[in-house]
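Now for the letters of each chain:
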Amino acid sequence: AQSVAQPEDQVNVAEGNPLTVKCTYSVSGNPYLFWYVQYPNRGLQFLLKYITGDNLVKGSYGFEAEFNKSQTSFHLKKPSALVSDSALYFCAVRENNYGGSQGNLIFGKGTKLSVKP
Amino acid sequence: EAQVTQNPRYLITVTGKKLTVTCSQNMNHEYMSWYRQDPGLGLRQIYYSMNVEVTDKGDVPEGYKVSRKEKRNFPLILESPSPNQTSLYFCASTTRRQGLAGGTDTQYFGPGTRLTVL
């Protein structure tokens, strides 16, 4: 069965410092991996995804994520955090079912990112 | 503008009073889905639909019903709401493609419906 783990409920970072939000996954085949962000009182917004190819994926708002197959991880990163990055971040995985239909997206529990001035 | 809309955005109701939360998308997406978000539990899928008249249970379907009579609409029905269904609900949609391209498409989410059942 597919699963996603976000081991940190909250990450605190000072503005201007680099940030990392961790995500590990478990699927039986190859994964499709996604990061979504939820700002207060808003729906989820897509940040980036890994499908295949380059392990470093660049997304919206200066975020990037690195796919590490051996560690089954897909950590979200940003070189310099902004106060406006404060939000709830969700990692999600879908199994790559070759020749089959699109599987469902499984979400992690979310990590609250707090960036202080 | 491509979007997923939900109504109502906020709803307070009482136990046992049937309610429907509507979801509509204007992107001609085949796949639609309902999630609930609860603190510490993340998003959990309630029901999903691969296309018109094709629906299936997600991880937490108990107490919910859905229908997909038209491609753009995917309403969530609570026949007899209970307090444990107090939650934040999101509708989402995406294209659905088979084979190698399957599963690569981004899901678009609605703004959410905050439901309180007293």
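What counts, and at which threshold
Residues numbered from 1 in each chain as written. Chains lettered and ligands numbered in written order. Predicted model: local features only at pLDDT ≥ 70, side-chain atom pairs only at ≥ 80, totals over all residues. Heavy atoms only, no water. Helix = DSSP H or I, 4+ residues; strand = E, 2+ residues; numbered from the N terminus. Buried < 20%, exposed > 50% of the residue type's maximum accessible area, 1.4 Å probe, protein only. Contact = heavy atoms within 4.5 Å. Areas by Shrake-Rupley, 256 points an atom, 1.4 Å probe, with all protein chains shown as cover. Lys, Arg positive; Asp, Glu negative; His and termini not counted. Charge placed at Lys NZ, Arg CZ, Asp CG, Glu CD. 1 Å grid on protein atoms, 1.4 Å probe; cavity = no way out; pocket = protein on both sides within 12 Å on 5 of 7 lines; lining within 4 Å. Points joined across faces, edges and corners; volume = space filled by probe spheres on them. Nonpolar A, V, L, I, M, F, W, Y, C, P; charged D, E, K, R; others polar. Patch = residues over 30% accessible without salt bridge, like charges linked within 9 Å, V, L, I, M, F, W, Y side chains within 5 Å. Salt bridge = Lys/Arg side-chain N within 4 Å of Asp/Glu carboxyl O. pLDDT = per-residue confidence, 0-100. Pairing = 2+ DSSP bridges.

Novice: Any chance you could explain the overall build of chain A here in plain terms?
Specialist: The helix and strand tally for chain A stands at zero helices and twelve strands. For chain A, the N- to C-terminal ordering of α and β elements is β-β-β-β-β-β-β-β-β-β-β-β. With the principal axes as the frame, chain A shows a C-alpha extent of 50 × 30 × 20 Å. Buried positions account for 46% of the 117 residues belonging to chain A. Contacts in chain A between residues at least 24 apart in sequence constitute 58% of all its contacts with a sequence separation of at least 6. In the form shown here, chain A has an accessible surface area of approximately 5400 Å², with 48% of it arising from carbon and sulfur atoms. Computed over 11 positive and 8 negative side-chain charges, the separation of the two mean positions in chain A equals 4 Å.

Novice: Just to check I follow, could you spell out the layout of surface pockets for this structure?
Specialist: A probe matching the size of a water molecule, rolled over the atoms, marks out where space remains unfilled. Volume-wise, the largest pocket comes out at about 600 Å³. Looking at the largest pocket, it is lined by 30 residues, and the ones nearest its centre are Q38 and L88 of chain A together with Q37, L88 and R114 of chain B. Among the secondary structure elements, those contributing two or more residues to the lining of the largest pocket are strand 10 (87–95) and strand 12 (111–116) of chain A together with strand 4 (31–38), strand 9 (87–94) and strand 11 (113–117) of chain B. Of the residues contributing to the lining of the largest pocket, the split by class is eleven nonpolar, twelve polar and seven charged. Looking at the second largest pocket, it is lined by 18 residues, and the ones nearest its centre are L44 of chain A together with V4, F109, G110 and P111 of chain B. The element best represented in the lining of the second largest pocket is strand 6 (residues 44–50) of chain A, accounting for three residues. Class assignment of the residues belonging to the lining of the second largest pocket gives a composition of eight nonpolar, seven polar and three charged.

Novice: How should I be thinking about a nonpolar patch on the surface in this particular structure?
Specialist: Residues and elements named next belong to chain B. Taken together, the side chains of I12, V14 and L118 make up a nonpolar region of the molecular surface, amounting to roughly 320 Å² of accessible area. Checked against the element boundaries, V14 lands in the loop between strand 2 (10–13) and strand 3 (19–25). By relative accessible area, which is 44% here, V14 ends up partly exposed.

Novice: Please explain the confidence of the model for chain B as it appears in this structure.
Specialist: A low pLDDT score tells you not to read the predicted coordinates there in detail. With 92% of its residues at a pLDDT of 70 or more, chain B has an overall mean of 90. A low-confidence stretch, residues 98–102 of chain B (pLDDT under 50), is modelled with ten contacts involving residues beyond four sequence positions or located in other chains.

Novice: Before we go on, may I ask you to explain the pattern of salt bridges in this structure?
Specialist: Between side chains of opposite charge, a pair can form when the charged atoms approach closely. Residues and elements named next belong to chain A. Throughout the structure, instances matching the rule amount to seven salt bridges over all chains. Among the salt bridges present, the one from E66 reaches K77, with a minimum N-O distance of 3.8 Å. One end of the pair, E66, is in strand 8 (residues 64–68); the other, K77, is in strand 9 (residues 73–78), and eleven residues separate them in sequence. We classify E66 as partly exposed; its relative accessible area is 39%.

Novice: How should the pairing of strand 1 (residues 4–7) of chain B be read in this particular structure?
Specialist: Successive side chains on a regular strand alternate, one facing one side of the sheet and the next facing the other. Residues and elements named next belong to chain B. Taking every second residue as pointing to the same face, the buried face of strand 1 carries V4 and Q6, while none of T5 and N7 on the other face is buried. Across four bridges, the pairing between strand 1 and strand 3 is antiparallel. Looking at strand 3, one finds that T5 is bridged to S24.

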